[in-house]
Amino acid sequence: MNGAESLVRTLVGAGVEVCFANPGTSEMHFVAALDRVEELRCVLGLFEGVVTAAADGYARMSDKPASTLLHLGPGLANGLANVHNARRANTPMVNIVGDHASYHKRYDAPLTSDVESVARPFSDWVMTSADSDSVARDGAAAVAAAMAPPGRIATLILPADASWNEADGPAPLPPVEEHDAVSPETVAEAVRVLRSGEPVVLFLSGLALREPGLTLAGRIAASTGARLLAQTHNSRVERGAGRVAVDFLPYPVDEALSALADARHLVLVGSKAPVAFFAYPDKPSELSPPDCEIHTLVAPEEDVVQALEALVDELDAHGTAAPVQAREILSPTGGTVTPDAAAATVGALLPEDAIVVEEALTAASAFMSRTRSVAPHDYLQLTGGAIGIGLPLATGAAIACPDRQVICLQADGSAMYTVQALWTQGREGLDVITVILDNRSYAILKGELASVGAESNGHKADDLMELDRPALDWVSIARGMGVEAGRAATMAEFNRLLATGLSSQGPYLIDLLL
Ligand SMILES: Cc1ncc(C[n+]2csc(CCOP(=O)(O)OP(=O)(O)O)c2C)c(N)n1
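These numbers come from a predicted model, not from an experiment.

How each quantity is defined
Residues numbered from 1 in each chain as written. Predicted model: local features only at pLDDT ≥ 70, side-chain atom pairs only at ≥ 80, totals over all residues. Heavy atoms only, no water. Buried < 20%, exposed > 50% of the residue type's maximum accessible area, 1.4 Å probe, protein only. Helix = DSSP H or I, 4+ residues; strand = E, 2+ residues; numbered from the N terminus. Pairing = 2+ DSSP bridges. Expected span 1.5 Å × (residues − 1). Contact = heavy atoms within 4.5 Å. Polar contact = N/O pair within 3.5 Å; in protein donor to acceptor, adjacent residues only side chain to side chain. Axes fitted to C-alpha atoms, helices over the stretch in contact; angles between N-to-C directions.

Asker: I'd like a rundown of the pairing of strand 15 (residues 406-411), residues and numbers included.
Answerer: The element strand 15 is extensively covered by neighbouring structure, given that 6 of its 6 residues are classed as buried. Of the two faces of strand 15, the one holding Val406, Cys408 and Gln410 and the one holding Ile407, Leu409 and Ala411 are both buried throughout. Across 5 bridges, strand 13 (residues 354-359) lies against strand 15 in parallel orientation. Each residue of the ladder has a partner; that of glutamate 358, found in strand 15, is leucine 409. Here strand 15 pairs with strand 16 (residues 432-438) via 6 bridges, running parallel. Its bridge partner lying in strand 16, glutamine 410 is registered against isoleucine 436.

Asker: Give a detailed account of helix 11 (residues 304-315), specifying residues and quantitative values.
Answerer: Across its 12 residues, helix 11 extends 17 Å between first and last C-alpha, which sits within 8% of the 16 Å expected from 1.5 Å per residue. By the burial criterion, the buried members of helix 11 are Val304, Val305, Ala307, Leu308, Ala310, Leu311, Val312 and Leu315. Next to the buried residues of helix 11 lie helix 8 (184-194), helix 9 (213-224), strand 11 (265-269) and strand 12 (293-298). The distance from a side-chain oxygen at the start of helix 11 to the backbone nitrogen of valine 305 is 3.4 Å, and the residue carrying that oxygen is aspartate 303. Once helix 11 ends, the next one or two residues include aspartate 316, with phi positive near 55°.

Asker: Go over the sheet that holds strand 17 (residues 484-488) with me, naming the residues and quoting the values.
Answerer: The mixed open sheet is built from 7 strands, whose spatial order is 9-14-13-15-16-18-17. In this open sheet, the two strands that pair with only one neighbour each are strand 9 (237-239) and strand 17. Each adjacent strand pair in this sheet contributes to an overall mean axis angle of 20°, direction not counted. Where strand 17 and strand 18 (residues 508-513) come together, 5 bridges link them in parallel fashion. Its bridge partner being in strand 18, arginine 487 is matched across the sheet by aspartate 511. Its contacts with the sheet place helix 14 (residues 390-400) against strand 13, strand 14 (377-381), strand 15 and strand 16, and it is angled at close to 170° to strand 15.

Right, dumping it as structure tokens:
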């Protein structure tokens, strides 16, 4: 067995089931090894930003470590924006990056670069395998590093000769770091705050937004009068009818400030203290009021569910019912197309247990509010602000959950960054409906131009935010990648196309003209 095969067998032994890949010459022994190891499924992405976001979507929905196969420094660099997003989602991800054979490096061949330096700012763990005998052990260490709480990015650089030289065989997964439990003192402090009689916000993220954390948080809120609020962007939220409803902190600074204006205590539950996405002249960076005390009940890398359980114990709230969201029956709307009307139709037609991937930017708040009380679903967001995640995130989620309908609510400008994901959806026959929110502009940037106080009334600034010259032909783009598609210019057409997409198997794209 060579080093590459020892690595593939190690990954499988450690629980890695899928490798999202875009390989090159230096990865050919890894590629060949895949045919000798049945258990590792391989999914091809036609750009590395597709590969890394698909791995992220897969891990978010499967709760298993994701892996990628990338080609030297440039291949990794192409994928990094979505590695950044995955890191911000606390996704466990192992990137295998092929490199030149160790003895070839000194010739400075065209693809040579300092791969470790490319990887480091976006990885929590980086290692280059010294030789074929260490590859398996390094691979096992990479998976353990990725699975360390709260989920981390591990990048293993694999020189070609470490791949092709003889190796001993696979290595076992070393012990994986456990979540630290939260101390009784920390829980007691939270109890004191919750019983202070002052307004408290429980600020939730991570596992606090999924069962059983959500119900525990609901019990705490019901028994103390604390308000539940989620971080603005989260890896995965379980929501909809029958679940504890949680508002999201709004993205615009003024709205976020008013959402937190009354809070005297902010208790962090798997979240970070809220800060503005960007600095704006004359607006604060910190979103909680100056007289609001911030308390950490549980940090993202600690045991969120244990902390919530301990808090429920201390509050003696196990008997308290967590209030859940009532079901609202929406009807598809008619008339002109607006984000709100589109959101009402999506809410009305959303199947039970769907996965909603949302990179809707200026339309996000409409979708969020209209899906609050509809069929229960998982909601996946852009966590790191690097646009171009939606289409591949949906692709990876569909690989993880082949029996669930995936609906991707996708702003058009962001869609173009990783549009090749449609081809992977077509190739793999994935049940993903993509709704392109086709406003033919970088609409959000028009607002940002004014918000940061940049003065402009000229056509050059406008020209950098308009996508209508030429208009993108989304139906042709989709069909050209093997995905059936239709265009909707009215709500009646959208309602019909969404129903068509939902009743058919395989991927479908709707170009919704806004
Ligand atoms: C990787 C990356 N590049 C550029 C940006 C800057 N950026 C933020 S929003 C945006 C345009 C978004 O337009 P679109 O996806 O069409 O959504 P809309 O604002 O029209 O709703 C850009 C270019 C970014 N956030 N991330």
